[in-house]
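Residue-level structural notes
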Amino acid sequence: MAKGKKYEFHVKQENTGWTAEIIRKVTAKRTIVSKRQKGFSSESEAQAWGESELKTILQSVHERNLQRAQQHEQKSVE
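For every chain, the first residue of its written sequence is number 1, and the numbers climb from 1 along that sequence. Selection of residues for local features in this predicted model requires a pLDDT of at least 70, selection of side-chain atom pairs for listing and counting requires 80 or more, and totals for whole chains, interfaces and linings are taken over all residues. To get the side-chain values, take all heavy atoms of the structure and skip hydrogens and water.

1. What to know about the sheet that holds strand β1 (residues 7–14)
By way of backbone hydrogen bonds, the strands of a sheet pair with one another, either parallel or antiparallel. For the record, the criterion: Any two strands with at least two DSSP-identified bridges between them are counted as paired. Strands here mean DSSP runs of E at least two residues long; helices mean DSSP runs of H or I at least four residues long; both are numbered from the N terminus. Axes here refer to lines fitted to C-alpha atoms; in helices the fit is confined to the stretch in contact. Angles between the N-to-C directions go from 0 to 180 degrees.
Read from one edge to the other, the open sheet built from 3 strands follows the order β1-β2-β3, with strand pairing classed as antiparallel. Since the sheet does not close on itself, it has two edges, and those belong to β1 and β3 (31–40), each with one partner. On average, each strand axis in the sheet is tilted by 20° relative to the strand beside it, whichever way the strands run. Relative to strand β2 (residues 17–25), β1 runs antiparallel, the two being bridged by 8 bridges.

2. A closer look at the pairing of β2
Successive residues of a regular strand alternate their side chains across the two faces of the sheet. What counts here: Partly exposed describes any residue whose relative accessible area lies between the buried limit of under 20% and the exposed limit of over 50%, with all areas from a 1.4 Å probe on protein chains only and scaled to the type maximum.
For β2, the buried fraction is high: 7 of the 9 residues fall into the buried class. In this antiparallel pair of consecutive strands, β1 and β2, the connection spans 2 residues. Here β2 pairs with β3 via 7 bridges, running antiparallel. Residue pairing for β3: Glu-21 is matched across the bridge by Arg-36. Hairpin geometry of β2 and β3 is characterised by an intervening segment of 5 residues between the two adjacent antiparallel strands.

3. Remarks on the side chain of Thr-19
To keep it simple, the criterion reads: The contact rule is simple, with two residues in contact once any of their heavy atoms fall within 4.5 Å.
Inspection of the secondary structure assignment puts Thr-19 in strand β2. Ignoring any residue separated from it by four or fewer positions in sequence, one finds Thr-19 in contact with His-10, Val-11, Lys-12, Glu-14, Arg-36, Gln-37 and Lys-38.

Next comes the structure, spelled out in structure tokens:
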């Protein structure tokens, strides 16, 4: 089974400025926007926000997975 990116970010230009979106892959064919920030004056600002938010989301997912694994181990020992 191939493993792809579950989270990524996109930066796009709109009429009012730049927008950054955090995208989550739900299924092989479907994605949703997990987080969006509008109104950046430059592409580099939107890019920096996207990178920092993506790191934050990935860190929280990793911590949550570790907690769930520990809970699962505790239940299997009991």
